[in-house]
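For reference, the chains in residue letters:
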Number of protein chains: 2
Amino acid sequence: MNLRDLRYLLAVVEHGHFGRAAEVCGVSQPTLSVQIRKLEALLGVTLFERTSKTVAPTIACERLLDHVRGAVAAADSILAVARGLRDPLAGQFRLGIIPTLAPYLLPLIFAPLREALPALDVEPWEDQTASLFERLRSHELDAALLATGGSNDEPDLTSQPLFAEPFIAALPPEHPLAAREVVAEEDLAEDILVLSEGHCLRDQALAACGRSGAMGGPLRAASLSTLLNMVAAGYGTTLIPGLAAGAAQDAGIVLRPLAARAGRTIRIVWRARFPRRVAVEAVGKVIATRLRGFAEGAAAGTI
Amino acid sequence: MNLRDLRYLLAVVEHGHFGRAAEVCGVSQPTLSVQIRKLEALLGVTLFERTSKTVAPTIACERLLDHVRGAVAAADSILAVARGLRDPLAGQFRLGIIPTLAPYLLPLIFAPLREALPALDVEPWEDQTASLFERLRSHELDAALLATGGSNDEPDLTSQPLFAEPFIAALPPEHPLAAREVVAEEDLAEDILVLSEGHCLRDQALAACGRSGAMGGPLRAASLSTLLNMVAAGYGTTLIPGLAAGAAQDAGIVLRPLAARAGRTIRIVWRARFPRRVAVEAVGKVIATRLRGFAEGAAAGTI
DNA sequence: CGGAGCGATAGACATTATCTATTGATACAG
DNA sequence: CTGTATCAATAGATAATGTCTATCGCTCCG
């Protein structure tokens, strides 16, 4: 069965005349006659009672009409909805973001995203790196903002760097290192506090100060916010990402630039075959633009 | 857009695999690939994210899925409903019947019709001849039981005689003619009562007794039932159709066979192009069979 | 690095739709 | 009652579309 023939059928019902129905459908009258006959053969039902004067739908035809109209309407709605889905810069866009980035980056990019891509409905999803990779692969996310990778160790995923985020030394006010203008990464190694496992920042912070393992004990913060509170309370030092500087200062923490300028690169990652690459790149561009010049200021301690 | 392609789409969504979906659809894998691509081009939307491992529907595709399923379901329902409409001996059958026949014939044929054509839903419609012709022509009726015609004066209609219905003289008990065994039609002419205009029986009764006009006054019965009451009350005589004999006797009327055996032929009439001719003929056959042998008995006064 | 699995592509072929021209039936006017 | 007009049906040619087989290119995996 063909939707075209169903439209022919409706046209004949509406006009009660093969010739005029054909004209409306943009085909010749014989075409309509033939197709209607085929439809009748397929359905096993006579659809019209034809005379040289009138073409009247049979009772069977009338019984079918609602269903026919339903099918045609559904088909039309497919076309209509598809038309609304054509724009790759419109509709849902599920963006994963790591927890050490989300609370500090999102407030900065929401407004620019809304301005630059008003039709794009960006839905943020906060989760740790490994989980974001999973969700990317299972098509639950369209893209993710991560601080890892960049190499080609994920062949099915593509990424693009958006901005560099320097780390900053975070010290309790009474800490000896707080007296210095610049802090060497290695000097933090001794009493550094880190996030719980699974946070990429944990590994990066340890790597930056030259430690391979983590310090023991229960003092592994589950969130960066908790970590800041712990530092402020004098439990130790830490490295924080540049965008968290404001929150750290609010917590009463002393910030110092790092001697070797350790940091991380925030990248946007997506499936290589994701068809709305333009949306990914548009979102990436908005973020990169918003964060332009941030790295230098943050690294220099200018918050 | 094509329903076939929508089914292909659903198969790919269901199986997440072009090859298996193709197998299910009974076509080759390239066919499916091509048709899906065409559909994507038509809709302007990428429907699947393909890798060598997986075929995942895009968000746009998921947004469309409900509508696609709706269209396919509607198409299937067309086929299903049509299947139920295939039998010409099933479904609605609107049968017009003239008022001087309906109340006496219907009780006789309901049971046989239900037995012989259990799936046929015969809907009787009582109206005068002219009105039945109109409704036949406007497709409001599928067939009609009439006592007129039979010739080819209605080129767009066809008819078939079902049974002969003799007229019977109906007399008040005290009427002089009631003394006779057989009444001559002409003897009724003097004080015959007839139905109001529009009833074919009126003209036929007048013609049978050799009168062209009707008798004046307010005594034109609107229904045969009224006419019988009037005769019983002694207002005059009349000719009644044989099937009404029972009702006439119940009213206390004396019945006598007619000398010249005047009568009418009941025919079933339908549009020449009506596609369910088999249904018409089946109904006609049931009626004719039920009334077989009736004419002789009625004419002889054996009720 | 080679084979297996998968979707995409190319080109031949088959099916289906559509067209023009015509027929046959019917209604209407002279 | 005959010619004309109208309409759907039919025939045959042509165009459009779908489908097939064979093959490619990519990716993953041993």
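Everything here concerns the structure above.
Below you will find a few notes about this structure. (Residues numbered from 1 in each chain as written. Chains lettered and ligands numbered in written order. Predicted model: local features only at pLDDT ≥ 70, side-chain atom pairs only at ≥ 80, totals over all residues.)

### A few points about the overall build of chain A
So, step 1. Looking only at helices and strands, chain A has 11 helices and 9 strands in total.
So, step 2. In terms of overall dimensions, chain A is more spread out than a globule: its C-alpha atoms have a radius of gyration of 32 Å, far above the 19 Å expected for 303 residues.
So, step 3. The principal-axis extents of the C-alpha atoms in chain A amount to approximately 105 × 35 × 35 Å.
So, step 4. Across chain A, contacts joining residues at least 24 apart in sequence account for 73% of those joining residues at least 6 apart. (Helix = DSSP H or I, 4+ residues; strand = E, 2+ residues; numbered from the N terminus. Rg over C-alpha atoms; globule rule 2.2 N^0.38 Å. Contact = placed C-beta atoms within 7 Å.)

### A look at the environment of Ala-116 of chain A
Residue and element names in this part refer to chain A.
So, step 1. With respect to the helices and strands, the residue Ala-116 is situated in helix α5 (residues 102-116).
So, step 2. Overall, Ala-116 belongs to the partly exposed group, with 16 C-beta atoms counted inside 10 Å.
So, step 3. Measuring from C-alpha to C-alpha, the distance between Ala-116 and Ala-282 comes to 8.6 Å, with 166 residues separating the pair along the chain. (Buried ≥ 20, exposed ≤ 12 C-beta atoms within 10 Å, placed from the backbone.)

### Looking at helix α2 (residues 18-25) of chain B
Residue and element names in this part refer to chain B.
So, step 1. Those residues of α2 lying buried are Phe-18, Ala-21 and Ala-22. Buried residues of α2, viewed axially, fall in a sector of 100°; they line one side.
So, step 2. Residues of α2 that are buried make contact with α1 (3-15), α3 (29-43) and β2 (55-57). (Arc of directions from axis to C-beta.)

### Thoughts on the protein's contact with DNA strand C
So, step 1. Not every one of the 24 residues close to DNA strand C is listed here, only the nearest: Val-27, Ser-28 and Pro-30 of chain A together with Pro-30 and Ser-33 of chain B.
So, step 2. When contributions to the surface near DNA strand C are tallied by element, the ones reaching two or more residues are α3 (29-43) of chain A together with α2 and α3 of chain B.
So, step 3. For the surface near DNA strand C, the per-class residue count stands at 8 nonpolar, 10 polar and 6 charged. (Near = placed C-beta within 6 Å. Nonpolar A, V, L, I, M, F, W, Y, C, P; charged D, E, K, R; others polar.)

### With respect to the relation of the copies chain B and chain A
So, step 1. Under the fitted operation, chain B is carried onto chain A by 0.0 Å of movement along the axis and a turn of 180°, and the coordinates agree to an RMSD of 0.0 Å. Interpreted geometrically, this transformation is the action of a two-fold axis. Among all C-alpha atoms of chain B, that of Ala-71 of chain B lies closest to the rotation axis, at 2.3 Å. (Least-squares fit on C-alpha atoms with pLDDT ≥ 70 in both.)

### A word on the pairing of strand β9 (residues 263-271) of chain B
Across a regular strand the side chains alternate sides, sitting on one face of the sheet and then on the other.
Residues and elements named next belong to chain B.
So, step 1. Counting buried residues in β9 gives 7 out of 9 residues, a clear majority hidden from the surface.
So, step 2. Here strand β5 (residues 143-146) pairs with β9 via 3 bridges, running antiparallel. Across the sheet, the residue bridging to Leu-145 is Ile-268, located in β9.
So, step 3. Bridging between strand β6 (residues 157-171) and β9 involves 9 bridges; their strand directions are antiparallel. Counted as the bridge partner of Glu-165 is Arg-264 from β9. (Pairing = 2+ DSSP bridges.)

### A word on the protein's contact with DNA strand D
So, step 1. If you check the shell around DNA strand D, you find 24 residues, and the closest are Phe-18, Pro-30 and Ser-33 of chain A together with Ser-28 and Pro-30 of chain B.
So, step 2. Within the residue set of the surface near DNA strand D, elements represented by two or more residues are α2 (18-25) and α3 of chain A together with α3 of chain B.
So, step 3. Here the surface near DNA strand D is composed, by residue class, of 8 nonpolar, 10 polar and 6 charged.

### Quick word on the interface of chain B and chain A
Many structure descriptions define interface size as the accessible area lost when the parts assemble.
So, step 1. Contacts between the two partners involve 37 residues from chain B, matched on the other side by 37 residues from chain A.
So, step 2. Broken down by secondary-structure element, the contributors of at least two residues to the side of chain B that touches chain A are β1 (48-50), α4 (59-85) and β3 (91-97) of chain B.
So, step 3. Tallying contributions element by element places α4 of chain B first for the side of chain B that touches chain A, with 16 residues.
So, step 4. Its residues placed into classes, the side of chain B that touches chain A shows 19 nonpolar, 11 polar and 7 charged.

### Concerning the packing of α5 of chain A against helix α10 (residues 277-290) of chain A
Residues and elements named next belong to chain A.
So, step 1. Two elements in contact, α5 and α10, have axes separated by 10 Å at closest approach and are oriented at 130°. In terms of orientation, α5 lies oblique with respect to α10. Once α5 is placed against α10, the crossing between them reads as right-handed. Of the residues in α10, those touching α5 at Leu-108, Ile-109, Pro-112, Leu-113 and Ala-116 are Val-283, Val-286, Ile-287 and Arg-290.
So, step 2. Residue composition of the contact of α5 with α10, by class: 8 nonpolar, no polar and 1 charged. (Axes fitted to C-alpha atoms, helices over the stretch in contact; angles between N-to-C directions. Parallel < 35°, antiparallel > 145°, perpendicular 65-115°, else oblique. Left-handed = near helix turned anticlockwise from the far one by under 90°.)

### Digging into the environment of Leu-206 of chain A
So, step 1. Among the structural elements, Leu-206 of chain A can be located in helix α7 (residues 200-208).
So, step 2. Judged by the 19 C-beta atoms lying within 10 Å of it, Leu-206 of chain A is partly exposed.

### Thoughts on the pairing of strand β6 (residues 157-171) of chain A
Residue and element names in this part refer to chain A.
So, step 1. Counted residue by residue, β6 has 11 buried out of 15 residues, so it is predominantly covered.
So, step 2. When β6 meets strand β7 (residues 238-241), the two strands line up antiparallel, connected through 4 bridges. Within β7, the residue paired with Ala-170 across the bridge is Thr-238.
So, step 3. Examined bridge by bridge, β6 and strand β8 (residues 254-256) share 3 bridges and lie antiparallel to one another. Each residue of the ladder has a partner; that of Ala-169, found in β8, is Arg-256.

### Concerning unusual backbone geometry
All names here are of chain A.
So, step 1. At Arg-261, a residue that is not glycine, the phi angle is positive and equals roughly 55°.
So, step 2. Counting through the fold element by element, Arg-261 comes out in the loop between β8 and β9 (263-271).
So, step 3. Judged by the 15 C-beta atoms lying within 10 Å of it, Arg-261 falls in the partly exposed class.

### Some remarks on the packing of helix α1 (residues 3-15) of chain A against α3 of chain A
Residues and elements named next belong to chain A.
So, step 1. At a minimum axis distance of 10 Å, the contact between α1 and α3 shows a crossing angle of 110°. In this view, α1 runs roughly perpendicular relative to α3, as classed from their interaxial angle. In this structure, α1 uses Asp-5, Tyr-8, Leu-9 and Val-12 to contact α3, whose residues at the interface are Leu-32, Gln-35, Ile-36, Lys-38 and Leu-39.

### Let's talk about helix α7 (residues 200-208) of chain B
Residues and elements named next belong to chain B.
So, step 1. Of all the residues in α7, the buried ones are Cys-200, Leu-201, Arg-202, Ala-205 and Ala-208.
So, step 2. Residues of α7 that are buried sit in contact with α6 (129-137), β6 and β7 (238-241).
So, step 3. Once α7 finishes, Gly-210 follows within two positions and takes phi at roughly 80°, a positive value.

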